[in-house]
Amino acid sequence: MAHVLLRHRDIPDINKLDVYKKNGGIDAFKKSVTKMQPNEVTDVVKNSGLRGRGGAGFPTGMKWSFIDNKNWPHYVVANADESEPGTFKDREIMESNPFQFLEGLAIASYAVGATAAYVYLRGEFWQVAAFLDEKIAEMEKAGYLGDNLFGTEYSLKIFTHLGAGAYICGEETALLESIEGKRGQPRVRPPFPPSFGLYGKPTIINNVETFTNVPPIITNGADWYKSMGTADSAGVKLFSLSGRVRRPGNYELPFGKTFRELIYECGGGVQEGRPVKAIMPAGASSSLIVVDDKVLDTPMDYATVRTLGADLGSASVIVIDDTVSVDWIINKTIHFFKHESCGKCTPCREGNYWMQTITHRIHSGEGKQEVVDLLLYVAKQMQGICLCALGEFATMAVVTGIERFPQDFKKVVKA
Amino acid sequence: MSLEKTHPKEVKQILSKYPPEQKRSAVMPLLYLVQREEGYVNKAAMQDIAQMLDITETEVASIVGFYTLYHDEKAGKYRMQVCTDLPCALRGADEFLNNLCGNLGIKVGETTADGLVTLEGVMCLAACDKAPMFQTQGPDGIKYHENMTVDRTLELIEALKQADREVK
């Protein structure tokens, strides 16, 4: 089947504007601006069942319909902060199929009446930002961005903005603070961005992959999109496959394919033919799933993965084989979250510090079983009381690791 | 000297991205501009940016302190930043970094004797399928180096050394 998102794998030069145009590019944006009312665009996206691809899976069209039309101007922001360990899909889209992403961003801007849109890229994507700037300039030159588009009154400018190394800026309100020239620390919500966003104005924020789905939805219609995937999770998804597989990489699949198909058919199986011990389906912030045949044959969609005691999130599937001990895994994930905690709320700032200190003790063989119990106690105290999801994420691997792989901790604790 | 005098075109272009009453938004791109020159942000540059954007020097310094890609101290000409987070570590990133340290005769956080390379461990760089990998942060911006081996890394350092000599 031809790719919907990774179209560059079928059409190699699609990152050139004339090639993109020849293959139906810009048609959806033109159709939206010249033939549809903004709310009609939102309705098509709503009916398509598209859900946010950044991890939360919130219905995209519904989010757009929340924009506050009593307060102007409006902004649209693309979240290209992609910093979750295990996630590397948005980078491939921006590097190889940039116009489809930018067109989706433009259509969203029209749908909510924004005349300025920002792409917030993590600072490490310095080369990607320079590349996107070139592509935006090409679109301006061709008359697809700028003033009075397609002979209408609608005008739009797109700007890139680079972060500078902070995982927390993937949290949407921290991202907005960062564009405003402040430290990237989450805001207290509500109010939510569709009523109080960038510069205090109504703002819609979506992930790069979410926007990239929009042009084909407008062109082919909501029913076409819904014909792919499952009833709960419509359409296609990019799966970033990493860890101990033979062929790591991004794979575009309709929702509902199984972990087995992803790991063995796409990824070529586990290195040295070893068994899969655990899966983290949503990157480092994921729960650890104990793997057996039933798990491998589980369809990957938002609702079904939840029945395994985990979230699909951004579908960053980290595969762990039987040579890896779970105390080592949480030592890695906690090192990450301790470093990335923004320091604004106490449970996350202090909790991560203590989780790191205790995990180090266990991993280096200096802890007794009661220290493992203490770690679990600290993690559970953090749950449900942090200002944003980061604090919660930090506890997922710790809690599920200790509860679901107790034998790995028994091996490293002192008698 | 003020950035507006030394880089008028870039400053104007950066400010044009944001609404005129929101020029504070320019603080991050302006810091990148300063850092490109010297590899770090000194106190005078922070004062200059603060003045340009009508914010306090402390506010500028808090941005430099918060975000890991800004530096307030001089280091090697290139910072070689190796990812050792979970997915990279599952593909041998820790061994790669250890061997690289051994070959260069420095520890993580240290700089080679010629002042060319500072070796750093960093958090996930969104290249998990191409580990071991690192980025170089230097006068030519940030560049990714993926599917690396120690040998290929040593070749890269040799090439940077060569280029550095030619410039001098």
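Residues numbered from 1 in each chain as written. Chains lettered and ligands numbered in written order. Predicted model: local features only at pLDDT ≥ 70, side-chain atom pairs only at ≥ 80, totals over all residues. Heavy atoms only, no water.

### Considering the overall build of chain A
- Helix and strand counts for chain A stand at 18 helices and nine strands.
- Taken against the 2.2 N^0.38 rule, which gives 22 Å for 415 residues, the C-alpha radius of gyration of chain A at 22 Å falls within 12% of a compact globule.
- Considered along the principal axes of its C-alpha atoms, chain A spans approximately 75 × 45 × 35 Å.
- For chain A, with 415 residues in total, the buried portion stands at 62%.
- A separation of at least 24 residues holds for 70% of the contacts in chain A among residues at least 6 apart in sequence.
- As displayed, chain A offers around 15,100 Å² of accessible surface, 52% of which is attributable to carbon and sulfur atoms.
- Positive and negative side-chain charges of chain A, numbering 46 and 48 respectively, have mean locations separated by a distance of 2 Å. (Helix = DSSP H or I, 4+ residues; strand = E, 2+ residues; numbered from the N terminus. Rg over C-alpha atoms; globule rule 2.2 N^0.38 Å. Buried < 20%, exposed > 50% of the residue type's maximum accessible area, 1.4 Å probe, protein only. Contact = heavy atoms within 4.5 Å. Areas by Shrake-Rupley, 256 points an atom, 1.4 Å probe, with all protein chains shown as cover. Lys, Arg positive; Asp, Glu negative; His and termini not counted. Charge placed at Lys NZ, Arg CZ, Asp CG, Glu CD.)

### Some details on the sheet that holds strand 3 (residues 134-138) of chain B
Residue and element names in this part refer to chain B.
- Strand order in the open sheet made by the four strands is 2-1-3-4, with mixed pairing throughout. Each edge of the open sheet carries a strand with a single partner, namely strand 2 (117-122) and strand 4 (141-145). Each adjacent strand pair in this sheet contributes to an overall mean axis angle of 25°, direction not counted.
- Summarising the sheet, strand 1 (residues 78-83) and strand 3 pair through four bridges and their orientation is antiparallel. Residue pairing across strands places Val82 opposite Phe134, the latter belonging to strand 3.
- Helix 8 (residues 150-167) contacts strand 1, strand 2, strand 3 and strand 4 of the sheet and is inclined by roughly 165° relative to strand 1. (Pairing = 2+ DSSP bridges. Axes fitted to C-alpha atoms, helices over the stretch in contact; angles between N-to-C directions.)

### Digging into the domain arrangement of chain B
- Domain boundaries assigned for chain B yield domain 1 (3-66) and domain 2 (78-167).
- Centre-to-centre separation of domain 1 of chain B and domain 2 of chain B, based on C-alpha positions: 28 Å. (Domains from an automatic or database assignment.)

### Considering the domain arrangement of chain A
Residue and element names in this part refer to chain A.
- Under the domain assignment, chain A is made up of domain 1 (7-226), domain 2 (236-321) and domain 3 (326-412).
- Note on domain 1 versus domain 3: buried area summed over both sides is about 870 Å², and carbon and sulfur give 73% of it.
- On inspection of domain 1 and its partner domain 3, the count reaches zero salt bridges.
- The tally of links between domain 1 and domain 3 comes to three residue pairs in polar contact (both at pLDDT 80 or more). (Buried area = accessible area lost by both parts, 1.4 Å probe. Salt bridge = Lys/Arg side-chain N within 4 Å of Asp/Glu carboxyl O. Polar contact = N/O pair within 3.5 Å; in protein donor to acceptor, adjacent residues only side chain to side chain.)

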